[in-house]
Amino acid sequence: LARRLDVKDMFVLKVRKEGNERRVVGERLADVTGKQLLLVEDVLESGKSLVVAKKLLEEHQASVKTCCLYTMPITETNPDYSLREVNAVIHFPWE
């Protein structure tokens, strides 16, 4: 995706599940003030991690669009861009 969009800078945010809550952990956030960002997730189950990550980036004055390959019917939020809805969790080789 990054190559296809000719992305020059890429960052990773790690979101940890703690009970029913999610929080961004361990990563030092680069200066994203005024930047246009595409926040990408592989699959959205509840979508809570995406919401938390997007909120953090917007609190740092970034303009954020969201993208997810797969969403599920139980997803509580809709990304700006997605490929398709699936009924079962998809397991990726990087998990």
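Quick note: structure is the one above.
Reading the values: rules and limits
- Residues numbered from 1 in each chain as written.
- Predicted model: local features only at pLDDT ≥ 70, side-chain atom pairs only at ≥ 80, totals over all residues.
- Heavy atoms only, no water.
- Helix = DSSP H or I, 4+ residues; strand = E, 2+ residues; numbered from the N terminus.
- Rg over C-alpha atoms; globule rule 2.2 N^0.38 Å.
- Buried < 20%, exposed > 50% of the residue type's maximum accessible area, 1.4 Å probe, protein only.
- Contact = heavy atoms within 4.5 Å.
- Areas by Shrake-Rupley, 256 points an atom, 1.4 Å probe, with all protein chains shown as cover.
- Lys, Arg positive; Asp, Glu negative; His and termini not counted.
- Charge placed at Lys NZ, Arg CZ, Asp CG, Glu CD.
- Pairing = 2+ DSSP bridges.
- Axes fitted to C-alpha atoms, helices over the stretch in contact; angles between N-to-C directions.

What follows is about the overall build of the chain. What the chain contains, in helices and strands, is one helix and five strands. The helix and strand sequence of the chain, counted from the amino end, reads β-β-β-α-β-β. Whereas a compact globule of 95 residues would reach a radius of gyration of roughly 12 Å, the chain reaches 13 Å, a difference of no more than 12%. Along the three orthogonal principal directions, the C-alpha set of the chain runs to about 35 × 35 × 25 Å. Per-residue burial for the chain yields a buried fraction of 27% across its 95 residues. Once local pairs closer than 6 in sequence are excluded, the contacts in the chain between residues at least 24 apart make up 55%. Carbon and sulfur atoms make up 47% of the accessible area of the chain, which totals about 7,300 Å². Of the charged side chains in the chain, 15 are positive and 15 negative, and the gap between their average positions amounts to 2 Å.

Let's shift gears to the sheet that holds strand β4 (residues 63-71). Across the sheet, which stays open at both edges, the three strands sit in the order β3-β4-β5 with parallel pairing between neighbours. The open sheet terminates on both sides in strands that have one partner only, identified here as β3 (36-44) and β5 (81-85). Strand after strand, the sheet turns through a mean of 20° between neighbouring axes, direction not considered. Note: β3 against β4, eight bridges, orientation parallel. Opposite L39, over in β4, you have T66 as the bridge partner. Those strands touched by helix α1 (residues 48-59) are β3 and β4, and its axis lies near 170° from that of β3.

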